[in-house]
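# Chain and residue survey
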Amino acid sequence: MIIKWRDDYSCYDPIIDAQHSKMIDMINEMNEIAKLVEDGVDSYDRIVEIFNGLKDYAVYHFGHEEKMFEEHGYDSFNTKIQILEHKSFFHKVSAINLYELDESQQEAVNGILDFLSKWLDHHILHIDKKFGEFLRDKNE
Ligand SMILES: [Fe+2]
């Protein structure tokens, strides 16, 4: 399922929003590949490439967010929750076995997509949104 940007994804910061939007694009790209897999096209290399690209981008994005928490004096409790959430993302993506992907591409790619899309939705709407509201209130 293609994820579409929704207004309520906004975290009231143009850079964070642009980064989330790029992650949505990457997940959607993976979705396009999943359709090829369904048609029987071997897409192992493309899946690994997008998956690794998304992991690298997440490192950059989390780093950016963590720098912002510090710069804007976000409270330590919420900062801790955010950092735990970032760590948990890496824990989960590291547990994804890419050998399995080679065995059964369709099942594996659907599992990855399901995880990534649910994760991003939660990350934006329940975790970053809170920081966004903090930024918005601070700027008022
Ligand atoms: Fe984020």
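In this text the structure is predicted, and so the values were computed from the model without any measurement.

## A word on the overall build of the chain
- Scanning the chain for helices and strands turns up 5 helices and 0 strands.
- Counting from the amino terminus, helix and strand elements in the chain follow one another as α-α-α-α-α.
- Counting only C-alpha atoms and orienting by the principal axes, one finds that the chain spans roughly 55 × 30 × 20 Å.
- Taken over 140 residues, the chain has a buried fraction of 42%.

## Some remarks on the environment of F89
- As for its position among the elements, F89 is in helix α3 (residues 76-94).
- For F89 and N78, which are 11 residues apart along the polypeptide, the C-alpha to C-alpha distance reads 17 Å.
- Not counting chain neighbours up to four residues away, the residues in contact with F89 comprise A58, F62, F115, L116 and W119.

## Some remarks on the pattern of salt bridges
- With the rule as written, the count across this model stands at 7 salt bridges.
- With a shortest N-O distance of 3.1 Å, E49 and R46 are connected by a salt bridge. With E49 and R46 both in helix α2 (residues 44-71) and 3 residues apart, this pair spans about one turn of that helix.
- Given the relative accessible area of 32%, R46 is considered partly exposed.

## Some thoughts on the packing of α3 against helix α5 (residues 105-139)
- Taken N-terminus to C-terminus, the directions of α3 and α5 make an angle of 170°; their axes are 11 Å apart at the nearest point. When the interaxial angle is binned, α3 and α5 end up roughly antiparallel. Seen from α3, the contacting residues are N78, I81, Q82, E85, H86, F89, K92 and V93; seen from α5, they are F115, L116, W119, H122, H123, I127, D128, K130 and F131.
- Across the contact of α3 with α5, the residue classes tally to 8 nonpolar, 5 polar and 4 charged.

Criteria and thresholds
Per chain, residue numbering runs from 1 following the sequence as it is written. A pLDDT threshold of at least 70 governs which residues receive local features in this predicted model, and a stricter bar of 80 or more applies before side-chain atom pairs are shown or counted, although totals over entire chains, interfaces and linings include all residues. Hydrogens and water molecules were not included; the side-chain quantities draw on all heavy atoms of the structure. Strands are runs of DSSP state E lasting at least two residues, helices are runs of H or I lasting at least four, and both sets are numbered from the N terminus onward. Burial status follows relative accessibility: with a 1.4 Å probe on protein chains alone, a residue under 20% of its type maximum counts as buried, one over 50% as exposed, and anything between as partly exposed. Any two residues having at least one pair of non-hydrogen atoms within 4.5 Å are treated as being in contact. Any carboxyl oxygen of Asp or Glu within 4 Å of a side-chain nitrogen of Lys or Arg constitutes a salt bridge here. Every axis in this analysis is a line fitted to C-alpha atoms, fitted for helices over the stretch in contact. Angles between the N-to-C directions lie between 0 and 180 degrees. Should an angle fall under 35 degrees it is taken as roughly parallel, and over 145 as roughly antiparallel, whereas 65 to 115 is taken as roughly perpendicular and any remaining angle as oblique. Each residue is assigned to one of three groups, with Ala, Val, Leu, Ile, Met, Phe, Trp, Tyr, Cys and Pro labelled nonpolar, Asp, Glu, Lys and Arg labelled charged, and all others, Gly among them, labelled polar.

Geometric descriptors of this kind do not, in isolation, establish any biological role.
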